[in-house]
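# Survey of secondary and tertiary structure
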Amino acid sequence: MIFLRVASYAFRRQAAYRAAAASGVLTNTVFGVVRAYVLIALWQARPSLGGYHVADAVAYCFLTQALIGPVNIFAGGLDLVERIRTGDVAIDLHRPVDLQAWWLADDLGRAAFALLFRGGAPLLFGVFAFRLPVPGPLVWLEFLLSVLLAVLVSFGLRYLVTLLVFWLHDDRGIRSVAFIASMFFSGMVLPLVVFPGWLGGLSRVLPWAALIQVPADVFLGKGPDLLDAYALQVVWAVTLIGGGRLLTRATRRKLVIHGG
Amino acid sequence: MIEVRDAVKNFTIRSSGVRTRVTAVDGISFTVGAGEFVGYLGPNGAGKSTTIKMLTGILTASSGSVRVAGLDPSRQRTTLARRIGVVFGQRTTLWWDLPLRDSLTLIRHLYKVESRVHRARLDELTELLGLGPFLGTPVRQLSLGQRMRGDLTAALLHAPPLLVLDEPTIGLDVVSKATVRDFLQRLNAEQGTTILLTTHDLGDIERLCDRVMIIDHGRLAYDGDLDTLRTTVDAERVLIVDLERASPPIRIDGVETVRVEGPRQWLTIPRGLNAAAVVAAVARRHEVRDIALREPDIEDVVTRLYLR
């Protein structure tokens, strides 16, 4: 199967840069510690804020640090952005294969590597250093499924941002908007459970919530029912990836390729 | 193999709110038969790459018709991609961080080539292009010449009857260029592969192509063989003379001295005049240290052609 191969190549491409992966692990872990102490201070001042206890907040912190790589929260777009900017996308468009499916396979390969080699370490460190409770195997499975769905939603978002480059010819503006939105609304800065009123309610059903907040809640056994959590993720994954398909078709009709 | 009729491609470009329409290809028509080796020339921005992208189905013609290998490229892009090979000289289809061999394996799956057929074809191409020493090397470590040979292999693994090359020799040294040219010549002669080649290198055209098409400002300015092109546009050759010492401009009938820089002078020789006679005349009247004759290069030819 061609897409399995594309995914495995993407996995190996990440593996080619071990130093980058190692420094990613280190930064994610160190920032995890820093954030953990900030959250500890917050929850000591406001116990059971948003339905979390201190231990939940610390676990949440290391979960989000572990998810940075797999859902590529800082990225904005796909590697395809650079290929559109330079015109290398001509090669991708010539291939006898679906553009979106190709890049989805590529992103799943990348995410698998990130989950294994960038996600595990910060989480394990948090568990040992802060003596966090470890859930049973069933919860781990539920969590992994939720992470997979999160990666699909993340791909759906980043693919749309990427395609906009065909129309805008540059990704800096859209990328910074996408970056702010995903930092704030995913629960990366603060858990969405602490947001009050309508803002909290809204932020918990936006697609960015499906990236970090929802999988973290599945792990912690907090938030909505498991099925509701999955449903939110599936709805956004289908909507965004479906939207990406439509936009791909429109883009193909009205295409400009850069650089001759 | 290729049939283009009145093809037009417009782009709309927005700049500070103002929309302007740019016509990259402005009504070109040509046909390329099976087994031909055609050079496609033109200055930068003339519409070469746009034509290639319409032929491969990446871009859709704004009007007119394009048919390649009996297919409509924009509607049947995927089917067409399996029947043609394309090389973009400035880009690569290979995976930067993986060994060349792995990229070629992935391309085998992409084009659904049977494993046995693939192995035979890869062996043949490895032999012809000398890929052996670097099949296991990550693509990012290959030299430009090696990478180009890898890209040619990738474009030909599925044995397409038509090969479209967009500047395949750009940036290559003379040895690598010769390897690529020899290979293309054999491919065309021995396997009957139809080849459409865009290039700025007149050497590519002289060595390889029976037929040249020149595009400028989106229009086909010439379609025929190279010798006819040279004589029809009557491009001047330039004689560069290094004299022993700085002198006033050299004067010879029918020859114009266009530039003087110290002891060096530039003379243009019209097509009808015998260059040897001019050289002899210069040598008779002046003390010459060195002399060089420059044939019109492709930019001169194209410029002349379009200025007519």
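These numbers come from a predicted model, not from an experiment.

### Some points on the overall build of chain B
Scanning chain B for helices and strands turns up ten helices and 13 strands. Split into buried and exposed, the 308 residues of chain B put 52% on the buried side. Residue pairs in contact within chain B that sit at least 24 positions apart in sequence constitute 68% of those at least 6 positions apart.

### As for empty space enclosed by the protein
Evaluated as defined, the whole model comprises one cavity of 30 Å³ or more. Looking at the largest cavity, its volume works out to about 160 Å³. Together, 17 residues line the largest cavity, and His94 of chain A together with Val86, Thr93, Tyr111 and Ala155 of chain B are the ones closest to its centre. Contributions of two or more residues to the lining of the largest cavity are made by helix H5 (89–94) of chain A together with strand S5 (84–88), helix H3 (100–110) and helix H5 (144–156) of chain B. In terms of residue count, the dominant contributor to the lining of the largest cavity is S5 of chain B (five residues). Of the residues that constitute the lining of the largest cavity, the class distribution is ten nonpolar, four polar and three charged.

### Overview of a nonpolar patch on the surface
A cluster of nonpolar side chains, namely Leu26, Val30, Val34 and Val38 of chain A, defines an oily patch on the protein surface of about 370 Å² accessible area. Following the sequence through the fold, leucine 26 of chain A ends up in helix H2 (residues 18–45).

### Side note on the interface of chain B and chain A
Facing 30 residues of chain B, the contacting portion of chain A comprises 28 residues. Carbon and sulfur atoms supply 58% of the area that chain B and chain A bury against each other, a total of about 2800 Å² over both sides. There are two salt bridges connecting chain B and chain A. Where aspartate 102 of chain B meets arginine 12 of chain A, a salt bridge forms, and the shortest distance between an N and an O atom there is 2.5 Å. Counting across the chain B and chain A interface gives ten residue pairs in polar contact (both at pLDDT 80 or more). Those elements giving two or more residues to the side of chain B that touches chain A turn out to be strand S1 (2–15), helix H1 (48–55), helix H2 (77–81), S5 and H3 of chain B. For the side of chain B that touches chain A, the leading source of residues is H3 of chain B, giving six residues. Across the side of chain B that touches chain A, the residue classes tally to 13 nonpolar, nine polar and eight charged.

### Some points on H1 of chain B
Since the α-helix turns once every 3.6 residues, residues separated by three or four places project in the same direction. Most of H1 of chain B is tucked away: eight of the eight residues are buried. At the C-terminal side of H1 of chain B, glycine 57 of chain B shows a positive phi close to 85°.

### Points about the packing of helix H3 (residues 54–71) of chain A against helix H7 (residues 137–168) of chain A
Residues and elements named next belong to chain A. Relative orientation of the contacting elements H3 and H7 amounts to 50°, with a least axis distance of 10 Å. If you check the angle between H3 and H7, you find them oblique. Our pair here, H3 against H7, has a crossing hand that is right-handed. When H3 is examined against H7, the residues Leu63, Leu67, Pro70 and Val71 are found in contact with a partner set consisting of Phe143, Val147, Ala150, Val151, Ser154 and Arg158.

### So, the pattern of salt bridges
Applying the stated rule across the entire model yields 26 salt bridges over all chains. Salt-bridge contacts for glutamate 3 of chain B lead to arginine 5 of chain B; the nearest nitrogen and oxygen are separated by 2.9 Å. Residue class for glutamate 3 of chain B comes out partly exposed when judged on its relative accessible area of 38%. Three or more residues are tied together by salt bridges with common partners; here these are Arg13, Asp79 and Asp106 of chain A.

Conventions and cut-offs
Residues numbered from 1 in each chain as written. Chains lettered and ligands numbered in written order. Predicted model: local features only at pLDDT ≥ 70, side-chain atom pairs only at ≥ 80, totals over all residues. Heavy atoms only, no water. Helix = DSSP H or I, 4+ residues; strand = E, 2+ residues; numbered from the N terminus. Buried < 20%, exposed > 50% of the residue type's maximum accessible area, 1.4 Å probe, protein only. Contact = heavy atoms within 4.5 Å. 1 Å grid on protein atoms, 1.4 Å probe; cavity = no way out; pocket = protein on both sides within 12 Å on 5 of 7 lines; lining within 4 Å. Points joined across faces, edges and corners; volume = space filled by probe spheres on them. Nonpolar A, V, L, I, M, F, W, Y, C, P; charged D, E, K, R; others polar. Patch = residues over 30% accessible without salt bridge, like charges linked within 9 Å, V, L, I, M, F, W, Y side chains within 5 Å. Areas by Shrake-Rupley, 256 points an atom, 1.4 Å probe, with all protein chains shown as cover. Salt bridge = Lys/Arg side-chain N within 4 Å of Asp/Glu carboxyl O. Buried area = accessible area lost by both parts, 1.4 Å probe. Polar contact = N/O pair within 3.5 Å; in protein donor to acceptor, adjacent residues only side chain to side chain. Axes fitted to C-alpha atoms, helices over the stretch in contact; angles between N-to-C directions. Parallel < 35°, antiparallel > 145°, perpendicular 65-115°, else oblique. Left-handed = near helix turned anticlockwise from the far one by under 90°.

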